[in-house]
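Chain by chain, the residues run as shown.
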Amino acid sequence: MFSSFVLDTLDGLRGLLPPKFRQKAISDSRVHALLSAVGIANDTLLHSSEGFSLEADTVLHRSFARFQDLALYEPALAGSLRSHLKEGMVAYDIGANIGVHTSRMALLVGPGGRVVAFEPDVRNYEYLRRNLAGHQCALVEDCAVAEKTGSVDLVHNGGVTGTRIGQIIKQGVETVGNGHRTRTVSLDDYVLSRSLPAPDLIKIDVEGAEFRVLRGMTRLLGDHPPIILCELHPHLESSVSEIPSFLSRLGYVVSKISNKTELNPGALEMILAVPA
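In this text the structure is predicted, and so the values were computed from the model without any measurement. (Residues numbered from 1 in each chain as written. Predicted model: local features only at pLDDT ≥ 70, side-chain atom pairs only at ≥ 80, totals over all residues. Heavy atoms only, no water.)

## Some remarks on unusual backbone geometry
Keep this limit in mind: Secondary structure elements follow DSSP: runs of H or I no shorter than four residues count as helices, runs of E no shorter than two count as strands, and numbering proceeds from the N terminus. Burial classification: accessible surface area is computed with a 1.4 Å probe over protein chains only, and a residue below 20% of its type maximum counts as buried, one above 50% as exposed, and the rest as partly exposed.
Positive phi, normally seen in glycine, also occurs at E74, with a value near 45 degrees. Among the secondary structure elements, E74 is positioned in the loop between α4 (62-65) and α5 (75-84). Among the residues examined, E74 registers a relative accessible area of 7% and is labelled buried. With a phi close to 55 degrees, N97 is a non-glycine residue in the positive phi region. Examined against the element boundaries, N97 turns out to sit in the loop between β3 (90-94) and α6 (100-109).

Below, the structure written as structure tokens:
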């Protein structure tokens, strides 16, 4: 397909740039506008044989658009959700993107359950909100989850050649690209302020901010420890390699799961942590 050839070519050219400039090359809205003008970037409908469909951008969400059936995307994570989520349960999707796993969660917990999705990237949030509109059990929040309630700077990543994501900027780290200020919540504050039931399961995919999420849920970890599915990003934050031992010390049984497939060979390692 011509559009795939163009995107693959852009991806190759991006790889030739110095690392500090790659961010801008993939997040510049002008590049996306050009691709839209020539008909390469447009909205499309992605389907899952599990019974849901999602609106997505063919460029911004290219990693999802590669799959003719979204049921095949991150199969180990999908299988873990099916194994552990039951009707009436409460699940949180932290870093929900456009809602691939959130939609699955909503179907699994049913109308008697509750799903809360957190997505700080403005563009992803709009797709997420539309994609979950048909699930009455779903609540969508346009914020990041962190160690405390407040605000952070978020930089956009992935845009033109992969899946659009938002990454929290660490203090003192120079970045090149587009970003915005976004509000943050800690899960302890969020559950208390909303008078919501504590989550039975939490999925975390937050681009290196995993420990920030965990530090903001110490009360939950002590009083109502949820099942945790967490993608690890040690290339973005080395300390996340310590998360398995951290959760083990809290009494969790931790195992590794892999989502690598032929269509997604670069999938990062995830852990499944189940309260003992």
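That shown, we press on.
## Overview of the packing of aromatic side chains
To describe a pair of aromatic rings, you give the distance between the ring centres and the angle between the ring planes. Condition: In this scheme Phe, Tyr and Trp rings, the latter by its six-membered ring, pair at centre separations within 6.5 Å, and the angle between planes marks the pair as stacked below 30 degrees, edge-to-face above 60, and tilted otherwise. Any Lys NZ or Arg CZ that is within 6 Å of a ring centre and within 35 degrees of that ring's normal is treated as a charge sitting over the ring.
Under the definition given, this model contains 6 aromatic pairs. With a centroid separation of 5.4 Å and an interplanar angle of 85 degrees, the aromatic rings of F67 and Y73 are classed as edge-to-face. Across the pair, Y73 and F67 agree in class, each one buried. An angle of 85 degrees between the planes, with centres 6.3 Å apart, marks the rings of Y92 and Y190 as edge-to-face. Pair noted here: Y92 is in strand β3 and Y190 is in helix α8 (residues 187-194), with a separation of 98 residues, a long-range link. Both residues of the pair, Y92 and Y190, belong to the buried class. Every member of this aromatic cluster is reached through a ring pair, and the members are F64, F67 and Y73. In this structure, R130 packs its charged tip against the face of Y127, placed 4.8 Å from the ring centre.

## Some remarks on the confidence of the model for the protein chain
Defined as follows: Values of pLDDT, which run from 0 to 100, indicate the predictor's confidence residue by residue. Any pair of residues with heavy atoms lying within 4.5 Å of one another is described as a contacting pair.
Scored by pLDDT, the protein chain has a mean of 83; 76% of the residues are at 70 or more. A low-confidence stretch, residues 20-26 stays under pLDDT 50, and its non-local contacts, those more than four residues away or across chains, total 24 contacts. In this model, residues 171-177 is a region of pLDDT below 50 whose contacts with residues beyond four sequence positions or in other chains number 10 contacts.

## Comments concerning the sheet that holds β3
Under the convention used in this document: Strands pair, by our definition, only if DSSP identifies at least two bridges between them. Only the stretch in contact is used when fitting a helix axis, every axis being a line fitted to C-alpha atoms; angles between N-to-C directions are given from 0 to 180 degrees.
Taken together, 7 strands build an open sheet; the order of strands is β5-β4-β3-β10-β11-β13-β12 and the sheet is mixed. Of all strands in the sheet, those with a lone pairing partner are β5 (138-141) and β12 (252-257), marking the two edges. Sheet twist, expressed as the mean angle between neighbouring strand axes with direction ignored, is 15 degrees. Here β3 pairs with strand β10 (residues 201-204) via 4 bridges, running parallel. By the bridge assignment, A91 is partnered in β10 with L201. The strands that α6 touches are β3, β4 (114-118) and β10; relative to β4, the one it contacts most, it runs at about 170 degrees.

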